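So you can see what is in the structure, the chains are spelled out below.
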Amino acid sequence: MAKHKFSTHHGMVDILPDEVRKWQYLENLIHQEAEKFNFEEIRTPIMEQTELIVRGLGQLTDIVSKEIFSFSRGDDNYVLRPELTAPVVRAFVENHLDQRGGSQKLYYIGPMFRAERPQKGRQRQFHQFGVEVLGSADPVADAEVIAFMVHIYKKLGIANTTLKLNSIGDPESREAYKKALKEYLKPNFEKLSDISQTRFEKNPLRILDSKEEEDQPFIETAPVITDFLSEESKVHYTQVKEYLDDLGISYVEDPYLVRGMDYYTQTAFELISPDLGSQDALAGGGRYDLLVEEIGGKPTPAVGFAAGMERLFIACEELDIKLGSEKSVDIYIVTLGDAARKWGLKQLPAIREKGLSATMDYMGRSMKAQMKDANRENARYTIIVGENELNEGKFTLRNMKESEENQLTMDEILNKLSAWLNVRRSIFYKHPISRSSDRK
Ligand code: AMP
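Computed from a prediction, not measured in an experiment: that's the story for all the values here.

### Section: the overall build of the chain
Logical step 1: Across its full length, the chain carries 15 helices and 18 strands.
Logical step 2: With the principal axes as the frame, the chain shows a C-alpha extent of 95 × 65 × 45 Å.
Logical step 3: The 440 residues of the chain split such that 49% are buried.
Logical step 4: The contacts in the chain between residues at least 6 apart in sequence include a share of 70% that link residues at least 24 apart.

The following block contains the structure:
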């Protein structure tokens with residue numbers, strides 16, 4: 001009987017060693033740039049209580065009504081986190097982070113789970129990085145959060161993006177707008193798509209987000225929320241735009257931009273890329289001034305964004321931007337005979353201590369097979385050692401790229417390799433990202 005073949009869950013993928021290097025590259029960049037903005041990393045559990053996500057995001061949102069992975073254990077109900085804003089707010093309240101003083105400038109990187117229909121740029125387990133700034137109502141915080149988001153893509157060379165900006169106002173502005181929107185849509189209710197009809201009563205703003213063709217003519221001429229903003233919301237929105245202008249960050253105002261979660265207030269934004277096809281949102285975010293209180297904390301204004309990492313990589317591929325270096329090892333020790341093998345194993349720690357990567361054969365292969373393996377591993381140098389070399393105390397250091405060999409003592413080899421490492425480091429920091437055309 002054939003053995004059962006196991007596989008990943010639909011819409012979830014393994015990130016294999018050849019792929020992982022670009023992930024590490026991006027993660028390192030995020031850590032490094034977040035530090036420059038003085039954002040601190042936060043890590044929260046993969047599971048959260050169902051009630052937190054339902055209350056945080058809203059019962060009627062697509063995520064809560066259709067896409068959460070939920071399960072129970074005893075009387076407790078949990079979900080795999082579909083996003084991190086509500087969990088970060090929970091952590092902020094539970095751990096009294098407000099007592100640290102000032103505004104909390106947090107960032108995160110990690111996997112999220114949504115039971116969506118998988119397609120290019122849409123998975124069931126996907127990864128986001130994001131920022132949450134809690135404790136500031138100042139539009140400077142909105143501008144800084146947006147600036148960080150835009151900065152990461154710019155750093156990577158993903159230049160062809162559009163920042164869409166809107167204000168969805170405070171609850172009063174939104175209520176006035178919802179009323180006007182419903183009045184406008186009502187005469188054509190029967191012509192709206194089924195999904196929009198179900199949203200009409202309870203969540204009419206989401207109709208603006210509809211991709212259904214029959215809804216488009218009504219969306220195009222719908223009233224705009226910016227005409228319904230309260231004085232305070234207007235001032236906030238104007239200041240956000242002014243600060244973005246000051247920072248030289250361009251944006252396109254989109255009065256129909258609404259976001260998928262109910263917790264948003266005031267500023268809403270999305271970064272889109274024409275290189276992504278139908279799933280064109282790279283990142284999105286906004287203000288959520290009422291969420292901390294909703295989750296049981298003191299009134300605390302806040303703003304943040306979340307960015308999809310898989311989609312960032314798709315954009316890189318489209319633009320021929322290659323992140324991270326190719327697989328390679330600095331030193332491969334090629335040995336002939338047992339004594340040489342023993343000697344080789346003992347050299348590895350000293351080489352690694354110098355900051356170099358080093359490996360050797362684990363499979364008892366012939367010298368020829370080891371040289372072949374060193375090539376496959378993309379070794380920069382091999383140290384070749386047999387009985388004669390051991391007796392003479394001089395070993396063959398072979399530069400694999402130049403096909404050049406020298407007979408040297410181990411001390412001489414270590415000095416030479418250290419010098420080479422210093423040169424390589426200085427080059428790497430000047431050119432960390434490459435396009436595949438540079439590599440030919
Ligand atoms: P959201 O949390 O829905 O605002 O999403 C923020 C960003 O996460 C989006 O702009 C996408 O880049 C990414 N994203 C959201 N859902 C998925 C998914 N199912 N698969 C891949 N990326 C996603």
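From this point on, the discussion continues.
### Structural notes on the pattern of salt bridges
Logical step 1: This model, assessed by the stated rule, comprises 32 salt bridges.
Logical step 2: The residue E41 makes a salt bridge to R43 at a minimum N-O spacing of 2.9 Å.
Logical step 3: What makes R43 exposed here is its relative accessible area of 69%.
Logical step 4: Notably, a salt bridge pairs D62 with K66, separated by 3.7 Å at the nearest N-O pair. Taken together, the residues span about one helical turn, with D62 and K66 both in helix α3 (residues 62–67) at a distance of 4 residues.
Logical step 5: Salt bridges here are not isolated pairs; linked through shared partners, they connect K327, R341, D361, R365, D373, R376 and E377.

### Focus on the sheet that holds strand β8 (residues 252–253)
Logical step 1: Across the sheet, 8 strands lie side by side as β1-β5-β6-β11-β10-β9-β7-β8; this open sheet has mixed pairing. Here the strands that pair on one side only, and so sit at the sheet edges, are β1 (40–41) and β8.
Logical step 2: Pairing between strand β9 (residues 265–272) and strand β10 (residues 281–287): 6 bridges, direction antiparallel. Residue E270 lies in a different strand from β10, and its bridge partner there is G284.
Logical step 3: Contacting β6 (125–134), β7 (162–167), β9, β10 and β11 (302–308), helix α5 (residues 139–156) runs over the sheet at an angle of about 15 degrees to β11.

### Concerning the environment of Q49
Logical step 1: Summarising the element assignment, Q49 is placed in strand β2 (residues 47–49).
Logical step 2: Distance in space between the C-alpha atoms of Q49 and S70 is 9.3 Å, their sequence separation being 21 residues.

### Structural notes on the site of the ligand
Logical step 1: Near the ligand there are 15 residues, and of these R114, E116, Q123, R259 and A281 occur at the shortest range.
Logical step 2: Note that a nitrogen atom of the ligand is positioned 2.6 Å from one of the side-chain N or O atoms of E116.
Logical step 3: Q123 has a polar backbone atom sitting 2.9 Å from a nitrogen atom of the ligand.
Logical step 4: Elements that contribute at least two residues to the shell around the ligand include exactly β6, β10 and β11.
Logical step 5: Top element by residues in the shell around the ligand is β10. It accounts for 3 residues.

### Topic: the domain arrangement of the chain
Logical step 1: Taken domain by domain, the chain comprises domain 1 (17–170 + 230–322), domain 2 (174–223) and domain 3 (329–439).
Logical step 2: Between domain 2 and domain 3, the C-alpha centre-to-centre distance is 66 Å.

### Considering helix α11 (residues 309–318)
Logical step 1: Burial analysis of α11 places 8 of its 10 residues in the buried class, which makes it a mostly covered element.
Logical step 2: Buried within α11 we find M309, E310, R311, L312, F313, I314, A315 and C316.
Logical step 3: Phi turns positive, to about 60 degrees, at D320, one or two residues after α11.

### Some points on unusual backbone geometry
Logical step 1: Unlike most non-glycine residues, N38 shows phi in positive territory, near 65 degrees.
Logical step 2: Mapped onto the elements, N38 comes out in the loop between α1 (17–36) and β1.
Logical step 3: We classify N38 as exposed; its relative accessible area is 54%.
Logical step 4: Although it is not a glycine, H96 adopts a positive phi angle of roughly 50 degrees.
Logical step 5: Its place among the elements puts H96 in the loop between α4 (85–94) and β5 (104–113).
Logical step 6: Given the relative accessible area of 45%, H96 is considered partly exposed.

Analysis parameters
Residues numbered from 1 in each chain as written. Predicted model: local features only at pLDDT ≥ 70, side-chain atom pairs only at ≥ 80, totals over all residues. Heavy atoms only, no water. Helix = DSSP H or I, 4+ residues; strand = E, 2+ residues; numbered from the N terminus. Buried < 20%, exposed > 50% of the residue type's maximum accessible area, 1.4 Å probe, protein only. Contact = heavy atoms within 4.5 Å. Salt bridge = Lys/Arg side-chain N within 4 Å of Asp/Glu carboxyl O. Pairing = 2+ DSSP bridges. Axes fitted to C-alpha atoms, helices over the stretch in contact; angles between N-to-C directions. Near = heavy atom within 4 Å. Polar contact = N/O pair within 3.5 Å; in protein donor to acceptor, adjacent residues only side chain to side chain. Domains from an automatic or database assignment.

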